[in-house]
Amino acid sequence: MRLVTILRGCTMSLGAAVLLAASHASAADPSPGISDEAIKIGVTGPLTGPVAVVGGVAEGIRARIEQANAEGGVKMGDGKTRKVELVVEDDGLDPQRTLANVRKMVEKEKVFALVGTAATPNNLAIGRYITQKKVPNVFMYSGVVSLNAPEWEVGFVPSFSTEADAFAKYLENNKPDAKVAFLYLNTETGQTFMKAFDRAIEGSKITILERQPVTSQDPTVETQLSTLKASGADTLIIIAAPRQGGEAIRFQSESGWKPLTLVTNLSSAYPVLQSVGLENAKGIVTSDFLKPIISDQKSGDEGVDRYLDAIKAAKVNFVFANTIGQTGYAIGDTLIQSLEKLKEPTREELMKVVHNMDGWKNPLFFDGINITTKEGSDIYPVEALQLYQFDGQRYIPVGGVLDFEGTTHE
């Protein structure tokens, strides 16, 4: 009787305590894909097929994660050290395969989050699904950030509008009366770039003479390029997938046209230039936010040297100078930084962290370029670029960093 009396006498306070404890537990209950020992992250990208070069993003992420795991794992913001388990799927850059992969990773593999999802159409394809499931899709390899699920997404590479602003600035300073021809990817990617470029050249003497669309599946773009050449343009801007962009680089050289050629980051990676002949790429201008890596030997730069060690240990399928693979490694490093700041093991907390990055450094970023976001007002992590010109062997920096922090537009 005494025991029963004590319990009855404590019923209200115990109930309140239980409710309070449940409330606290609920607030910190881990999301799927995370335990005290490990966190599971999903990656989908084109590991095979005609655009397999973009698979370097997934390979670079893998190299950085394997490096972290070999060093003991990631000490996260809640004090626990966890290994990162990557689930990597091949989508061939087909949006429907991307969606199928993501469904499998979320529902069967129970991943905590997605990282480094490549290409705008592919991220668009999964936007509604990840919103319904409340799964973070962080550090996308896409320059179009206004996708379907902004509350569950954050990009990584600069917006295509930022790259357009950088190209416009270059022409204003170096060829102020440029007559421009566009070879553009006929997706939101190309439309975003051209809209921003048109806005950036308003009031200048730069004119646009011709625009020709291309898709990543086009077997050849010679017809489009012949039309662009016939327009009389003295400047060519290429916004295309790697294979078509490479063909355009070769055409502008071998056809005798020889315009000033500006190539977006989409198709200016070193392997693309190698595939079309380095001599054909001599003189092209591109942009990047990464340090130029021109040798596989130690440089004395700690970040670059750790990258070289990581890709060697991981036996990646890209060469050290591949900027797509470098971007993947940089994405992997930023993911690790995010996990280190994760005070609660929840998906919501991860999104809070990545939507409030304040001047984060990255070991592969060009000096003066950092990562900043602010929830509710700034969704663009990288808003600065360095322009480069290819000298036939390597990219040489042109001018200083162009910083557009806080001014990026859709």
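About the thresholds
- Residues numbered from 1 in each chain as written.
- Predicted model: local features only at pLDDT ≥ 70, side-chain atom pairs only at ≥ 80, totals over all residues.
- Heavy atoms only, no water.
- Helix = DSSP H or I, 4+ residues; strand = E, 2+ residues; numbered from the N terminus.
- Rg over C-alpha atoms; globule rule 2.2 N^0.38 Å.
- Buried < 20%, exposed > 50% of the residue type's maximum accessible area, 1.4 Å probe, protein only.
- Contact = heavy atoms within 4.5 Å.
- Areas by Shrake-Rupley, 256 points an atom, 1.4 Å probe, with all protein chains shown as cover.
- Phe/Tyr/Trp six-rings, centres within 6.5 Å; stacked < 30°, edge-to-face > 60°.
- Salt bridge = Lys/Arg side-chain N within 4 Å of Asp/Glu carboxyl O.
- 1 Å grid on protein atoms, 1.4 Å probe; cavity = no way out; pocket = protein on both sides within 12 Å on 5 of 7 lines; lining within 4 Å.
- Points joined across faces, edges and corners; volume = space filled by probe spheres on them.
- Nonpolar A, V, L, I, M, F, W, Y, C, P; charged D, E, K, R; others polar.
- Domains from an automatic or database assignment.
- Expected span 1.5 Å × (residues − 1).
- Lys, Arg positive; Asp, Glu negative; His and termini not counted.
- Polar contact = N/O pair within 3.5 Å; in protein donor to acceptor, adjacent residues only side chain to side chain.
- Pairing = 2+ DSSP bridges.
- Axes fitted to C-alpha atoms, helices over the stretch in contact; angles between N-to-C directions.

- The name recorded for the protein in an unreviewed UniProt entry is Periplasmic binding fold domain-containing protein, from Rhizobium etli 8C-3.

1. Section: the overall build of the protein
Turning to step 1, where the next piece is worked out: Counting its secondary structure elements, the protein contains 14 helices and 13 strands.
Turning to step 2, where the next piece is worked out: Since a compact globule built from 410 residues should have a radius of gyration of about 22 Å, the 24 Å found for the protein is in line with a globular shape.
Turning to step 3, where the next piece is worked out: Expressed along its principal axes, the backbone C-alpha trace of the protein runs to roughly 100 × 45 × 35 Å.
Turning to step 4, where the next piece is worked out: Looking at the protein as a whole, 54% of its 410 residues are labelled buried.
Turning to step 5, where the next piece is worked out: When contacts within the protein are restricted to residue pairs at least 6 apart in sequence, those whose partners lie at least 24 apart make up 69%.
Turning to step 6, where the next piece is worked out: Total accessible area on the protein stands at roughly 17300 Å², and carbon and sulfur atoms take up 52% of it.

2. With respect to the packing of aromatic side chains
Turning to step 1, where the next piece is worked out: Per the stated rule, a full pass over the model turns up 13 aromatic pairs.
Turning to step 2, where the next piece is worked out: With a centroid separation of 5.8 Å and an interplanar angle of 70°, the aromatic rings of Phe-167 and Phe-193 are classed as edge-to-face. Of this pair, Phe-167 sits in helix 6 (residues 160-174) while Phe-193 sits in helix 7 (residues 188-200), and the two are 26 residues apart along the sequence. Assigned by exposure class, Phe-167 and Phe-193 land together as buried.

3. Remarks on the pattern of salt bridges
Turning to step 1, where the next piece is worked out: The final tally for this structure, using the stated rule, is 10 salt bridges.
Turning to step 2, where the next piece is worked out: The closest approach of N and O atoms between Glu-71 and Arg-306, which form a salt bridge, is 2.9 Å. Placement of the pair is Glu-71 in the loop between helix 3 (56-70) and strand 2 (74-75) and Arg-306 in helix 12 (residues 302-314), with a sequence separation of 235 residues.
Turning to step 3, where the next piece is worked out: The exposure class assigned to Arg-306 is partly exposed, which follows from its relative accessible area of 27%.
Turning to step 4, where the next piece is worked out: Within this structure, Glu-59, Arg-62 and Glu-66 form a network of salt bridges that share partners.

4. A word on the layout of surface pockets
Turning to step 1, where the next piece is worked out: In this structure, the largest pocket spans a volume of roughly 460 Å³.
Turning to step 2, where the next piece is worked out: If you trace the largest pocket, you find 30 residues lining it, with Ala-119, Thr-120, Leu-185, Thr-189 and Leu-266 closest to the centre.
Turning to step 3, where the next piece is worked out: Breaking the lining of the largest pocket down by element, the ones donating at least two residues are helix 5 (120-133), helix 6 and strand 11 (285-288).
Turning to step 4, where the next piece is worked out: Of the residues in the lining of the largest pocket, the class split is 15 nonpolar, 13 polar and two charged.
Turning to step 5, where the next piece is worked out: Mapping the lining of the largest pocket onto the domain boundaries places at least three of its residues in each of domain 1 (38-158 + 292-379) and domain 2 (160-288).
Turning to step 6, where the next piece is worked out: The volume enclosed by the second largest pocket comes to roughly 260 Å³.
Turning to step 7, where the next piece is worked out: Of all the secondary-structure elements, those providing two or more residues to the lining of the second largest pocket are strand 11, helix 13 (323-340) and strand 12 (384-390).
Turning to step 8, where the next piece is worked out: For the lining of the second largest pocket, a count of residues per class yields 10 nonpolar, seven polar and three charged.
Turning to step 9, where the next piece is worked out: Lining the lining of the second largest pocket are residues from two domains, each supplying at least three of them: domain 1 (38-158 + 292-379) and domain 2 (160-288).

5. With respect to the environment of Ala-118
Turning to step 1, where the next piece is worked out: Note that Ala-118 resides in the loop between strand 4 (113-115) and helix 5.
Turning to step 2, where the next piece is worked out: Given a relative accessible area of 1%, Ala-118 falls into the buried group.
Turning to step 3, where the next piece is worked out: With 24 residues separating them in the primary sequence, Ala-118 and Ser-142 have C-alpha atoms 6.2 Å apart.
Turning to step 4, where the next piece is worked out: Those residues in contact with Ala-118, other than ones at most four positions away along the chain, are Thr-44, Pro-46, Val-54, Leu-93, Asn-123 and Tyr-141.

6. Considerations on helix 6
Helical periodicity: at 3.6 residues per turn, an α-helix aligns residues three or four positions apart in one direction.
Turning to step 1, where the next piece is worked out: Over its 15 residues, helix 6 runs 21 Å from end to end, which matches the ideal 21 Å to within 8%, given 1.5 Å per residue.
Turning to step 2, where the next piece is worked out: Judged by how many residues are buried, helix 6 sits mostly within the fold: 11 of 15 residues are covered.

7. Re the side chain of Glu-247
Turning to step 1, where the next piece is worked out: Here Glu-247 lies in helix 9 (residues 242-254).
Turning to step 2, where the next piece is worked out: Despite being buried, Glu-247 has no salt bridge partner; Arg-243 is the closest side chain of opposite charge, sitting 5.4 Å away.
Turning to step 3, where the next piece is worked out: At a separation of 3.1 Å, a polar atom in the side chain of Glu-247 contacts the main-chain amide nitrogen of Val-221.

8. Quick word on unusual backbone geometry
Turning to step 1, where the next piece is worked out: Notably, Lys-110 is not glycine yet its phi reads approximately 60°, a positive angle.
Turning to step 2, where the next piece is worked out: In this fold, Lys-110 is placed in the loop between helix 4 (95-107) and strand 4.
Turning to step 3, where the next piece is worked out: You can call Lys-110 partly exposed: its relative accessible area is 44%.
Turning to step 4, where the next piece is worked out: In this model, Lys-134 sits at a positive phi of 55°, which is unusual for a non-glycine residue.
Turning to step 5, where the next piece is worked out: Mapped onto the elements of the fold, Lys-134 is located in the loop between helix 5 and strand 5 (137-140).

9. With respect to helix 7
Turning to step 1, where the next piece is worked out: With 13 residues, helix 7 extends 18 Å between its outermost C-alpha atoms, agreeing within 8% with the 18 Å of an ideal straight helix rising 1.5 Å per residue.
Turning to step 2, where the next piece is worked out: For helix 7, the full list of buried residues reads Thr-189, Gly-190, Thr-192, Phe-193, Met-194, Ala-196 and Phe-197.
Turning to step 3, where the next piece is worked out: Contact partners of the buried residues in helix 7: helix 5, helix 6, strand 7 (179-185), strand 8 (207-214) and strand 9 (235-239).

10. So, the sheet that holds strand 5
Turning to step 1, where the next piece is worked out: Overall, mixed pairing links the six strands, which are arranged 2-3-1-4-5-6 in an open sheet. What marks the edges here is a single partner per strand, and that holds for strand 2 and strand 6 (153-155).
Turning to step 2, where the next piece is worked out: Taken together, the three bridges between strand 5 and strand 6 define a ladder with parallel strand orientation. Within strand 6, the residue paired with Met-140 across the bridge is Gly-155.
Turning to step 3, where the next piece is worked out: Against the sheet, helix 3 makes contact with strand 1 (38-45), strand 2, strand 3 (81-90) and strand 4, and its axis sits at roughly 160° relative to strand 3, the strand it touches most.

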